[in-house]
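Chain by chain, the residues run as shown.
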Amino acid sequence: MRNAFFRRDLFALGLAVSGVAQAQTMPELRQVALPGLRLAYRDTGGDGVPLVLLHANTGTSQSWAPELAAFAAAGYRVIATDRRGWGGSLADPATGPQPGSVAEDLAALVDHLRLPRFHLLGVAGGGFVSLDYAAWRPETLRSLVITASTGSFSEPEMQQLTRNIAIPGFASLPETFREIGPSFRALYPDRVAAWAHAQEAARQPGAPAQPLRTPNTFAKIATIRLPLLAITASADLLAPPALMAAWLRHVPQAEVVAIADAGHTVPMEQPALFHAAVLGFLERH
């Protein structure tokens, strides 16, 4: 497992494209009929190499507004989806079994759009799915980026680590405390409030969680030979760097970028560093 360090030019690149992101318009939300659902997604279009973004268990494709603009400005065709039962993606029991899996929904969209090999980026719960998809359909991918994610492993080692970091009463705290780092909460209370409001509306009432297509295990991810970047966040209480390191040992080609002073919502909290890390990795692959 290799450590990747920021270079000054990549940091400047992250600042530049983050500035562009703030000035560009969000792609419209589209819907397509797929087996079991009408899937909502955003697509910047163009003829660049595709980059697909998978949101966390909190959030929707709207969460990726800065990344859609920043990565498109860097030349990529950027696609972000709403998972089934979140945002604008509506379950349709008449056309397929429920609740399905996010990986299979993604595969159906990829086939519908006839995407060539693409980069896949997942944050938190989107990282679970990215590993699930990559182990199943590696031939469709160029690379994999996993950010702030436990990986949703069932191994006893991972379960013990989760117990070790457990804080009594943590699950009952507001999501803003569990997900967002203290520095960001202190500096940007209005953005924290906006994030909380967006999360409250993200998941449709009664929408079931989709299981992984197959359980994530160490043996399963060891079959992934793709270039892989893992981004950790120093103030992440849900997927701290030590927990991510436990599963990353089973993907020896992984590169790791550690971002300081960020919680579980690292793309929102440190966008310039996040964009620089992702773009630097994609340029090499």
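Preceding block: the structure.
Small disclaimer: the values here were computed from a predicted structure and weren't measured.

**With respect to the nonpolar core**
Among the nonpolar cores identified, the biggest contains 43 residues, and L120, L131, Y133 and W247 are the most heavily contacted of them. Here this core takes eight residues from helix α3 (residues 102-113), the largest share from any one element. By size, the runner-up hydrophobic cluster in this structure holds 29 residues, among which are A233, V266, A277 and L282.

**Points about the pairing of strand β4 (residues 50-54)**
Most of β4 is tucked away, with five of its five residues classed as buried. Burial of the side chains of β4 extends over both faces: P50, V52 and L54 are buried on one face and L51 and L53 on the other. In this structure, β4 lies alongside strand β5 (residues 77-81), joined through five bridges in parallel fashion. Its bridge partner being in β5, L51 is matched across the sheet by V78. What joins β4 to β5 is helix α2 (residues 65-73), and the crossover it makes is right-handed. As paired elements, β4 and strand β7 (residues 118-123) share four bridges and run parallel to each other. Its bridge partner lying in β7, V52 is registered against L120.

**Observations regarding the environment of G181**
Examined against the element boundaries, G181 turns out to sit in the loop between α6 (175-179) and α7 (182-187). Note on G181: relative accessible area 3%, which makes it buried. Sequence-wise, G181 and A124 are 57 residues apart; in three dimensions their C-alpha atoms are separated by 14 Å. When neighbours within four sequence positions are excluded, G181 is seen to be in contact with G263 and E269.

**Considering the pattern of salt bridges**
Here the structure, examined in full by the defined rule, presents seven salt bridges. Across the pair R30 and E28 runs a salt bridge whose closest N-O atoms are separated by 4.0 Å. Assessed through its relative accessible area of 32%, R30 is described here as partly exposed. With a shortest N-O distance of 2.4 Å, R284 and E255 are connected by a salt bridge. Here the residue R284 occupies a position in helix α12 (residues 271-284), and E255 occupies one in strand β10 (residues 255-259), the gap between them amounting to 29 residues. For R284, a relative accessible area of 44% translates into the label partly exposed.

**Some remarks on helix α8 (residues 189-202)**
Spacing of three or four residues puts side chains on the same side of an α-helix, whose turn is 3.6 residues. In this model, α8 (14 residues) spans 20 Å end to end at C-alpha, consistent with the 20 Å of a helix rising 1.5 Å per residue. Taken together, the buried positions of α8 are occupied by V192, W195, Q199 and A202. Looking down the long axis of α8, one finds its buried residues gathered within 80° of arc, a one-sided arrangement. Exposed and facing more than 90 degrees away from the buried side of α8 are D190, H197, E200 and A201. Lining the buried residues of α8 we find α6, α7 and α11 (266-269).

Rules of the game
Residues numbered from 1 in each chain as written. Predicted model: local features only at pLDDT ≥ 70, side-chain atom pairs only at ≥ 80, totals over all residues. Heavy atoms only, no water. Core = buried A, V, L, I, M, F, W, Y, C linked by side-chain atoms within 4.5 Å. Buried < 20%, exposed > 50% of the residue type's maximum accessible area, 1.4 Å probe, protein only. Helix = DSSP H or I, 4+ residues; strand = E, 2+ residues; numbered from the N terminus. Pairing = 2+ DSSP bridges. Right-handed = clockwise from strand over helix to strand, strands pointing away. Contact = heavy atoms within 4.5 Å. Salt bridge = Lys/Arg side-chain N within 4 Å of Asp/Glu carboxyl O. Expected span 1.5 Å × (residues − 1). Arc of directions from axis to C-beta.

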